[in-house]
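# Structural overview for review
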Amino acid sequence: MATDDSSTKDRAAGSTRRGRRRMTGKERREQLLDIGRALFAERGFEGTSVEEIAATAGVSKPVVYEHFGGKEGLYAVVVDRETRRLLDMVTGALTGGHPRELLEQAAFALLDYIEQYTDGFRILVRDSPVAQSTGTFASLISDIATQVEDILGLEFEARGFDPKLAPLYAQALVGMVALTGQWWLNARKPNKPEVAAHLVNLAWHGLDGLEQKPRLIGHRRS
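Rules used in this analysis
- Residues numbered from 1 in each chain as written.
- Predicted model: local features only at pLDDT ≥ 70, side-chain atom pairs only at ≥ 80, totals over all residues.
- Heavy atoms only, no water.
- Helix = DSSP H or I, 4+ residues; strand = E, 2+ residues; numbered from the N terminus.
- Buried < 20%, exposed > 50% of the residue type's maximum accessible area, 1.4 Å probe, protein only.
- Areas by Shrake-Rupley, 256 points an atom, 1.4 Å probe, with all protein chains shown as cover.
- Core = buried A, V, L, I, M, F, W, Y, C linked by side-chain atoms within 4.5 Å.
- Contact = heavy atoms within 4.5 Å.
- Arc of directions from axis to C-beta.
- 1 Å grid on protein atoms, 1.4 Å probe; cavity = no way out; pocket = protein on both sides within 12 Å on 5 of 7 lines; lining within 4 Å.
- Points joined across faces, edges and corners; volume = space filled by probe spheres on them.
- Nonpolar A, V, L, I, M, F, W, Y, C, P; charged D, E, K, R; others polar.
- UniProt positions renumbered as here; feature names shortened; annotations may be inferred.
- Salt bridge = Lys/Arg side-chain N within 4 Å of Asp/Glu carboxyl O.

As recorded in an unreviewed UniProt entry, the protein goes by TetR family transcriptional regulator and comes from Streptomyces taklimakanensis.

## Observations regarding the overall build of the protein
The secondary structure content of the protein amounts to ten helices and zero strands. Listing the helices and strands of the protein from first to last along the sequence gives α-α-α-α-α-α-α-α-α-α. Looking at the 222 residues of the protein, the share that counts as buried comes to 41%. Of the roughly 12400 Å² that the protein leaves accessible, carbon and sulfur atoms contribute 52%.

## As for the nonpolar core
Counting 57 residues, the largest nonpolar core has L32, I53, L86, F137 and L152 as the members making the most contacts within it. Among all residues touching L32, those that are not within four sequence positions of it are I53, A57, V59, V63, V64, H67, F68 and L74.

## Considerations on helix α4 (residues 61-68)
Every buried residue of α4 is accounted for by V63, V64 and F68. Projection of α4 onto a plane perpendicular to its axis shows the buried side chains occupying an angular sector of 105°, all on one side. With respect to the buried face of α4, the exposed residues turned more than 90 degrees away are P62 and E66. Against the buried residues of α4 lie α2 (25-43), α3 (50-57) and α5 (71-93). Following α4 by one or two positions, G69 adopts a phi angle in the positive range, close to 80°.

## Focus on the environment of L33
Looking at where L33 falls in the secondary structure, it is placed in helix α2. With a relative accessible area of 3%, L33 lands in the buried category. Distance in space between the C-alpha atoms of L33 and L74 is 6.9 Å, their sequence separation being 41 residues. Look past the residues within four positions of L33 in its chain and what remains in contact with it is F68, L74, V77, V78 and R81.

## So, empty space enclosed by the protein
Inspection of every chain in the model, using the stated rule, returns three cavities of 30 Å³ or more. Counted as a void, the largest cavity has a volume near 180 Å³. Of all elements in the fold, only α6 (99-116), α8 (137-159), α9 (166-187) and α10 (192-208) reach the threshold of two or more residues within the lining of the largest cavity. Tallying contributions element by element places α9 first for the lining of the largest cavity, with five residues. Across the lining of the largest cavity, the residue classes tally to 16 nonpolar, no polar and no charged. The volume enclosed by the second largest cavity comes to roughly 80 Å³. L94, P99, L102, L103, A106, V148, I151, L152, E155, W204 and L207 together form the lining of the second largest cavity.

## Looking at the UniProt feature "DNA-binding region" (unreviewed entry) in the protein
According to UniProt, the positions carrying the feature "DNA-binding region" (unreviewed entry) are residues 49-68. Measuring from the first to the last C-alpha atom of residues 49-68 gives 14 Å, for a span that is 80% helix and 0% strand.

## With respect to the pattern of salt bridges
Side-chain pairs of opposite charge can arise whenever the charged atoms involved come near each other. Considering all chains together, one arrives at nine salt bridges under this definition. R85 serves as the salt-bridge partner of E82, at 3.1 Å between the closest nitrogen and oxygen. Residue E82 and its partner R85 are both found in helix α5; the two are separated by three residues, about one turn of the helix. According to the relative accessible area criterion, E82 is buried, its value standing at 1%. Look at R85 and you get partly exposed, because its relative accessible area is 26%. Taken together, the shared-partner salt bridges connect R37, E82 and R85 into one network.

So, in structure tokens, the structure goes:
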């Protein structure tokens, strides 16, 4: 299946081969974003230079500064776009139905994003000194967990559990899927539906067997 990322470099390079027609400001900005996204994913923020971005685009360094103010500005826009894309994909996938189906939808949405926007996910999970308006990957996962929290709260009330614990369980469930996604980013085995099925298997049957007052069986109590 062709993905957004598989053709990023080809599109970026191709844009420099479209003859002498002068790009509009919007076209140039999108070209620089495509190129920056591919380079940041491959080499990280520190390993990517303005010189390389400009050279790949076939422009001078001042053009990059004109559009983004520098490497930091370009990186921030790339991260902001990917953050919003992932959050929109996850929240848009939660269309209702049985709670187990909602878990499946959330798991598939994250795995879909990893598969279709691999470069974006590589950028999001990397640490960077650049502050973005939407924060870090951890804060993004927290935003997604907030969506799941509402679903769990209703399920907890229906089962007689304390709904105030829903945020804790939401963080645990979303964190489990996110970390598994990071592992699957490189492993890519088993296939996506099987990974989603195993994630939901653990999450759903774990929730199904919840104790109302969980206890520790060891000696440690604090």
